There are 4 protein chains.
Amino acid sequence: MNQRESDFQPTREDRFSFGLWTVGWQGVDVFGTAIRPPMEPAEAVRRLDDLGAYGISFHDNDVFPFGATADSKQEHLAPLRKALDETGLVVPMITTNLFSHPVFRDGAFTNNDRDVRRFALRKTLDNLDLAAELGARTFVAWGGREGAESGAAKDVRAALDRYKEAFDLLGQYVVEQGYGLRFAIEPKPNEPRGDILLPTIGHALAFINGLEHADLVGVNPEVGHEEMASLNYAHGIAQALWHGKLFHLDLNGQSGPRYDQDLRFGAGNARGAFWTVDIVENGGYDGPRHFDFKPPRTEDVDGVWESARGCMRNYLILKAKSAAFRADPEVQQALREARVDQLAVPTLGEGESVESLRAERFDPEEAAARGMGFEKLDQLALEHLYGVRG
Amino acid sequence: MNQRESDFQPTREDRFSFGLWTVGWQGVDVFGTAIRPPMEPAEAVRRLDDLGAYGISFHDNDVFPFGATADSKQEHLAPLRKALDETGLVVPMITTNLFSHPVFRDGAFTNNDRDVRRFALRKTLDNLDLAAELGARTFVAWGGREGAESGAAKDVRAALDRYKEAFDLLGQYVVEQGYGLRFAIEPKPNEPRGDILLPTIGHALAFINGLEHADLVGVNPEVGHEEMASLNYAHGIAQALWHGKLFHLDLNGQSGPRYDQDLRFGAGNARGAFWTVDIVENGGYDGPRHFDFKPPRTEDVDGVWESARGCMRNYLILKAKSAAFRADPEVQQALREARVDQLAVPTLGEGESVESLRAERFDPEEAAARGMGFEKLDQLALEHLYGVRG
Amino acid sequence: MNQRESDFQPTREDRFSFGLWTVGWQGVDVFGTAIRPPMEPAEAVRRLDDLGAYGISFHDNDVFPFGATADSKQEHLAPLRKALDETGLVVPMITTNLFSHPVFRDGAFTNNDRDVRRFALRKTLDNLDLAAELGARTFVAWGGREGAESGAAKDVRAALDRYKEAFDLLGQYVVEQGYGLRFAIEPKPNEPRGDILLPTIGHALAFINGLEHADLVGVNPEVGHEEMASLNYAHGIAQALWHGKLFHLDLNGQSGPRYDQDLRFGAGNARGAFWTVDIVENGGYDGPRHFDFKPPRTEDVDGVWESARGCMRNYLILKAKSAAFRADPEVQQALREARVDQLAVPTLGEGESVESLRAERFDPEEAAARGMGFEKLDQLALEHLYGVRG
Amino acid sequence: MNQRESDFQPTREDRFSFGLWTVGWQGVDVFGTAIRPPMEPAEAVRRLDDLGAYGISFHDNDVFPFGATADSKQEHLAPLRKALDETGLVVPMITTNLFSHPVFRDGAFTNNDRDVRRFALRKTLDNLDLAAELGARTFVAWGGREGAESGAAKDVRAALDRYKEAFDLLGQYVVEQGYGLRFAIEPKPNEPRGDILLPTIGHALAFINGLEHADLVGVNPEVGHEEMASLNYAHGIAQALWHGKLFHLDLNGQSGPRYDQDLRFGAGNARGAFWTVDIVENGGYDGPRHFDFKPPRTEDVDGVWESARGCMRNYLILKAKSAAFRADPEVQQALREARVDQLAVPTLGEGESVESLRAERFDPEEAAARGMGFEKLDQLALEHLYGVRG
């Protein structure tokens, strides 16, 4: 890879977007207080524009306070709108904060308290209106407080009924209003709840199948959330793509099952990041490359921007590597030797019968002796990751 | 709980079944050789009958060798049939070994080698015939070698195409033959492959939705497999039940994300086991209570039977506890105080409109101040588990 | 176990203590704001006295604000002292908050910034004076922010030099002042840092051996912290006892490798809790039974006290079970059959030579055939846990 | 990094060594049978010589069968000796197999059965003689079966007594025989036992401090074993170096807490591998760079050598990267900005008193506002890993 510095400078065509809550994270955690000053949304927009992003996303309460009046909302939105207008940055995704306020202590759409569930729906409906107004195409739903720490507290099947009721209602609303919005459910296995409902990409995909407006609902998988469950993120989004349901994604970094680290993209499982970019670029995903990370508490505001810049740079570096890997003749040879192409061939011939299949002769011992050549292939991939080829 | 010893003696009505490979496990692991002599299937049937089981399950090669001729198969099956006849034990489930022989080094239905995929289908078709002949109702499919250790080796979307092709073909065969069989896919996140396809209950449920004969295919979730991914097993099977897809299950024990321990049921996450039995008993599951465990290598054959006996005993102890918990008036009061019943009430009134929902007044601060009462409720559950109530 | 309700009522003889930060936790986490009002330390003391505790512990800033003047400190301490006097509760342990204020963003004793390290030492010295004044016997040191998220940021060997320098200085100070205090280092693998120094009981024990005042320093292991690293807590404190270093402990609950859950004691790994109490009661530990938990955010203040009450109750229930288990003749027989007693016998005879050892004849195949009888033994233990024996 | 292919060709000066059991692994796992033919030790030596290794290590039973007579041992050793002589490869390390034979079902030095413990000592003594004869400098002790699946089965403190007794006896023997051997204990948290004694680097280091011949005993940490416990391997070996106890090491790859994967070095946590090489090269370790991996079951014999070759190549690639990283002026500047150098400066001045420390003025708010610059520094490291700098 003969790359120059400039090759890793993001442009709008790269379609990088950031949550306002990422660069705006003040660093409050269970063990410590805010470490950075609040960041104005408009300021975030301008800095992200400087860095080469093309869009931002936000929760309602990233911009205006919980419980804000309609006037107050507009007042808080005004400078953001202005910054968007001036920079040309877009808002491809909006989401609702249904987890920070104490009222959501037991969740939102699946809270045991019916009145809280109703309130959560209202808050989301209001936010759908805003999303439509701002031209967002995707509405992410992370049910971070939908879950339980103990077995009797939550009737999971009733909770799924209520979860479905919520998405059916919201889907119906979007259809009736003619909003060009699709929903993307964001799975997470745990934290802040002991166990969260719809804990993985798979659980969310299965749930979506039972919805009234299943066509309007996909997933928004996050690297770290899957890796917290020891799952392979690239495999997960490949399955989501297979189902036609990868509507959005959250890129960041994590070091295996532990607390939700939200490291900058690339700064966790580096090999996983390579295969993530490889499938995102080659698997038919056409949405924003969206970062959901938290600049570590060690950083001041300059460090925040270094961290944001690193997310995009690492994506572009890995994108170049993925392209070089796929174009490398030695890789292509190794892929053939590993019979990766054979997997695309149907196992039965066209119109072949079970009878002809069963009549076939086969020597399992001969077949058993064949090596797959995967180590050679993977070493080539690793050397592309290391940048020591080409 | 005023229980006597005899209350925990299993009977056939309890519908306990065991894989022949469980009590028959000789103890070969990555670091050590066989530690127990082979166990004849017929002997296993007789001993399990003595202990109170009602059924057994097996892989083809638990009974006859890989590559056995039709005659050899019948020869090996004869003593097993005799033992089944004499004891009256049933075979509610059969499964195919598509992972032990070296020919399956890269999997079976999703092996990169097409001829191996075809062979795997033939092996499975033969086994379907046997399953039907023996009156099995469920055909479990654990794709333990379907996966990869490295990113380029497996095209996940192509693999899912082939996986679907396999289940579509097998489903069609079952329909055409008029076999009264249903399939149950067993998810597992990893081991023996670095990452296995369909790694969790959720991924399997989602996959099933895309099959031609989706109605014939459900899941066979195993306690340890979900807990290896830090997932809550009781939550997982509750979601499977919600989808109507809990066709079978594998009960055992595990201590979190680590190697697949296959401890006897109860001897892992004890609290998890309580909630597992609670949902199995109360959630509408009506299949066998099937154990898939491995008596530890420390045990001789006597220890094997102690371990098998413990699986059933622990289930019955927990079943009694679940019943006592649900019947306890103080628990019922605590459930009400925790508003668990409210979750069964639809969030919107019948025929209610979004307009009326949005018109409602609500004080989030007041609602936010309400405690959920979950700690009190869970302490009652824990004291039932500990056997210090009632 | 024929226990009555009253048997599980804690008394001061049980020596239960709680951190003020536990019942006083307001519920701030990474995703949400405070959910409960602040709790006055004096109020906590009175309520814990009502519940049967014998002592409390605290960080300096649990009682007075960061940066408080000497006068302000005394002002804040006054009502706490009064409550202690009135109730008779003691303060067996004190600790310093070196993690909440932004100044500790990169740690305290191992912060890259030398002036912060110096400040951390001063803050700790002040707190040692207070600990001595209040009659505490143990001074816990949790270095929660001592660590790193990335490889180059922290020179681990230099950090250990500084960590040692800090404990050498603090140890010398305690000796010179004649304070009857011992230090207890609290290990944790990660959270809030990506990786924390001295991540497990073992690493802390090894580190202590290199200190100037190694005799004054032991460990304060927390259930959840070890279980976050998939380690067996009972094994860990057994090794700490073997080294004579179990100076204090933190009891709570956790569900394997994930975020630090701080569940109430018993409400996590229930089997682990049984073996924890068994070794604490029988292994020679004579310090406080100290709880370091967080009442879940779902709870209001009533729930906080239910949760605190549950910690003590579960300990007493498990203590009764451990005693019943050890007294059960069938258990004693099973222990003998498992040759657990043989492990206490030295492997060589007194004064035996290597020559005589090597001259011995032995049939490994005969020995290999012996079962260990562990499943039978463990089933008895599990039935004591379940309360279905005796 | 302007590297050519030839820069990553290993030579003997690189001191790469491999266990015979690594390239010789036949692929037996819990779910499958042998997949590759046995490999003659002499053949392994010749192929490793061709690839550029300088040494091999082995368990006694990698070369001769369990229970071999003295004559049989020599017969099996002869071709190995010949191959070593012809190639000039050395045997820097030897270890004893105390885990494969059923007699070790409950461990070796801490087996509940005294006669098995005595047998294990004899087997090890014999192997020490062989190690000395072959000129090995390090004798590794992996107690893979020392542990338990259940709480009552193992008295951990008695087990540690016996473990110490074993190392004291073996150490005394080595001293008396004048063997130039040192022991290296290899920690592992679990697998094949539910919980293994001395589960981490820290636990082993602490244990060693209590031995009679503590100076003769260090650790042999394995990448995957620490990462199975979510621990940072580079941090762990840095602590071992700090204690002067890194006597040997096992390099391989792992993807977090799951089964023991033994991937080739580099093919797991790539970032971790970079920091591992960085500390191995710069931290004062001077022993062999020893690989303990398992070529995946997907591979035939050619794949085995690709995998072995990849281990060495990846080490050399990362070594070049570490050197380039440390030499990069921008990195050096970023290290200074991150005040990494300040951590090497003692916190107190030479001879400084507590009084002068306490008298110092300090503004915590000013200090709290300083960013650490870690993200910038880590991004530089990551770009060196990616090979996109210089």
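Everything discussed here concerns the structure shown above.
Please read all numbers here as calculations on a predicted model, not as lab measurements.

Caption draft 1: Representation of the sheet that holds strand E9 (residues 289-291) of chain D. All names here are of chain D. Reading across the sheet, the seven strands line up as E8-E6-E4-E3-E2-E1-E9 and stay open at both edges, with parallel pairing between neighbours. Lying at the two open borders of the sheet, with one neighbouring strand each, are strand E8 (217-219) and E9. Shown here is a sheet whose adjacent strand axes are inclined to one another by a mean of 30 degrees, direction ignored. Bridging between strand E4 (residues 138-142) and strand E6 (residues 182-186) involves five bridges; their strand directions are parallel. Its bridge partner lying in E6, Trp142 is registered against Glu186. Taken strand by strand, helix H4 (residues 70-87) contacts strand E2 (55-59) and strand E3 (90-95), and its axis lies near 165 degrees from that of E2.

Caption draft 2: Here's a closer look at the relation of the copies chain B and chain C. For the match of chain B to chain C, the screw axis carries a shift of 0.0 Å, the RMSD comes to 0.0 Å, and the turn is 180 degrees. Put plainly, the chains are arranged around a two-fold axis. A high fraction, 100%, of the interface residues of chain B reappear at the interface in chain C, so the copies pair face to face through one surface.

Caption draft 3: Structural view of the nonpolar core. Judged by nonpolar contacts, the single largest core of 490 residues is most densely connected at Phe58 of chain A, Phe58 of chain B, Phe58 of chain C together with Phe58 of chain D. Those residues within four positions of Phe58 of chain C in sequence are excluded, and the remaining contacts are Leu20, Trp21, Val63, Leu77, Leu80, Val91, Met93, Ile94, Thr95, Leu130 and Leu134 of chain C.

Caption draft 4: Highlighting the interface of chain B and chain C. Listed by partner, the interface residues are 39 residues for chain B and 40 residues for chain C. Interface area for chain B against chain C, summed over the two sides, is near 3400 Å², with a carbon-plus-sulfur share of 49%. When the area that chain B buries against chain C is broken down by residue, the three leading residues are Arg264, Glu375 and Tyr386 of chain B, summing to 22%. At the junction of chain B and chain C, the tally comes to six salt bridges. Among the salt bridges present, the one from Arg313 of chain B reaches Glu383 of chain C, with a minimum N-O distance of 2.5 Å. On inspection of chain B and its partner chain C, the count reaches 24 residue pairs in polar contact (both at pLDDT 80 or more). Counting only elements with at least two residues in the side of chain B that touches chain C, the list comes to helix H10 (270-282), helix H11 (301-327) and helix H15 (374-386) of chain B. The residue makeup of the side of chain B that touches chain C, split by class, is 15 nonpolar, 12 polar and 12 charged.

Caption draft 5: Quick look at the packing of helix H9 (residues 233-242) of chain A against helix H10 (residues 270-282) of chain A. Residues and elements named next belong to chain A. The N-to-C vectors of H9 and H10 enclose an angle of 15 degrees; their axes lie 8 Å apart at closest approach. One element, H9, and the other, H10, form an angle in the roughly parallel class. You can see that H9 and H10 cross each other, and the crossing is right-handed. Across the interface between the two elements, Tyr233, Ala234, Ile237, Ala238 and Leu241 from H9 touch Trp275, Thr276, Ile279 and Val280 from H10. Taken together, the residues of the contact of H9 with H10 sort by class into eight nonpolar, one polar and no charged.

Caption draft 6: Up close: the relation of the copies chain B and chain A. Laying chain B over chain A is done by rotating through 180 degrees and shifting 0.0 Å along the axis; what remains is an RMSD of 0.0 Å. Looking at the interface residues of chain B, 100% of them are also at the interface in chain A, so both copies use one shared face.

Caption draft 7: Layout of the packing of helix H2 (residues 41-51) of chain B against H11 of chain B. Residues and elements named next belong to chain B. For the pair H2 and H11, interaxial distance at closest approach is 10 Å and the crossing angle is 45 degrees. Classified by the angle their axes make, H2 and H11 are oblique. In the packing of H2 onto H11, the handedness of the crossing is right-handed. Touching Ala44, Arg47, Leu48 and Leu51 of H2 are Trp305, Ala308, Arg309 and Met312, all from H11.

Caption draft 8: Seen up close, the interface of chain B and chain A. Chain B puts 98 residues into the contact, and the matching count from chain A is 98 residues. Buried surface at the junction of chain B and chain A, summed over both partners, amounts to about 8800 Å²; 59% is from carbon and sulfur atoms. The tally of links from chain B across to chain A stands at 16 salt bridges. Taking the shortest distance from any N to any O, the salt bridge between Asp113 of chain B and Arg370 of chain A comes out at 2.9 Å. If you look at where chain B meets chain A, you find 62 residue pairs in polar contact (both at pLDDT 80 or more).

Caption draft 9: Main features of the pattern of salt bridges. Tallying each qualifying case throughout the model produces 150 salt bridges over all chains. With a closest N to O distance of 2.6 Å, Asp113 of chain A and Arg339 of chain B form a salt bridge. Remark: Arg339 of chain B occurs in the loop between helix H12 (329-337) and helix H13 (354-359) and Asp113 of chain A occurs in the loop between strand E3 (90-95) and helix H5 (114-133); the pair is interchain, linking two chains. Across this residue pair, the class does not change: Asp113 of chain A and Arg339 of chain B are buried. Between Lys82 of chain B and Glu86 of chain B there is a salt bridge; the shortest N-O distance is 3.0 Å. Residue Lys82 of chain B and its partner Glu86 of chain B are located together in helix H4 (residues 70-87), separated by four residues, close to a single helical turn. Salt bridges here are not isolated pairs; linked through shared partners, they connect Asp113 and Asp115 of chain A together with Arg339, Glu366 and Arg370 of chain B.

Caption draft 10: Here's a closer look at the side chain of Arg264 of chain D. Turning to its location among the elements, Arg264 of chain D is positioned in the loop between helix H9 (233-242) and helix H10 (270-282). On the accessibility criterion, Arg264 of chain D (2% relative accessible area) is buried. A polar contact is formed between the side chain of Arg264 of chain D and the side chain of Gln379 of chain A, at a distance of 2.8 Å. Filtering out sequence-adjacent residues up to four positions away, Arg264 of chain D remains in contact with Glu375, Asp378, Gln379 and Leu382 of chain A together with Asn252, Gly253, Phe293, Ser307, Gly310, Cys311 and Asn314 of chain D.

Caption draft 11: Expanded view of helix H5 (residues 114-133) of chain C. All names here are of chain C. With 20 residues, H5 should reach 28 Å at 1.5 Å per residue; the first-to-last C-alpha distance of 29 Å fits that figure. Within H5, 14 of the 20 residues are buried, leaving the element largely enclosed by the surrounding structure. Gly135 sits one or two positions beyond H5 and adopts a positive phi of about 80 degrees.

Thresholds applied
- Residues numbered from 1 in each chain as written.
- Chains lettered and ligands numbered in written order.
- Predicted model: local features only at pLDDT ≥ 70, side-chain atom pairs only at ≥ 80, totals over all residues.
- Heavy atoms only, no water.
- Pairing = 2+ DSSP bridges.
- Helix = DSSP H or I, 4+ residues; strand = E, 2+ residues; numbered from the N terminus.
- Axes fitted to C-alpha atoms, helices over the stretch in contact; angles between N-to-C directions.
- Contact = heavy atoms within 4.5 Å.
- Least-squares fit on C-alpha atoms with pLDDT ≥ 70 in both.
- Core = buried A, V, L, I, M, F, W, Y, C linked by side-chain atoms within 4.5 Å.
- Buried < 20%, exposed > 50% of the residue type's maximum accessible area, 1.4 Å probe, protein only.
- Buried area = accessible area lost by both parts, 1.4 Å probe.
- Salt bridge = Lys/Arg side-chain N within 4 Å of Asp/Glu carboxyl O.
- Polar contact = N/O pair within 3.5 Å; in protein donor to acceptor, adjacent residues only side chain to side chain.
- Nonpolar A, V, L, I, M, F, W, Y, C, P; charged D, E, K, R; others polar.
- Parallel < 35°, antiparallel > 145°, perpendicular 65-115°, else oblique.
- Left-handed = near helix turned anticlockwise from the far one by under 90°.
- Expected span 1.5 Å × (residues − 1).

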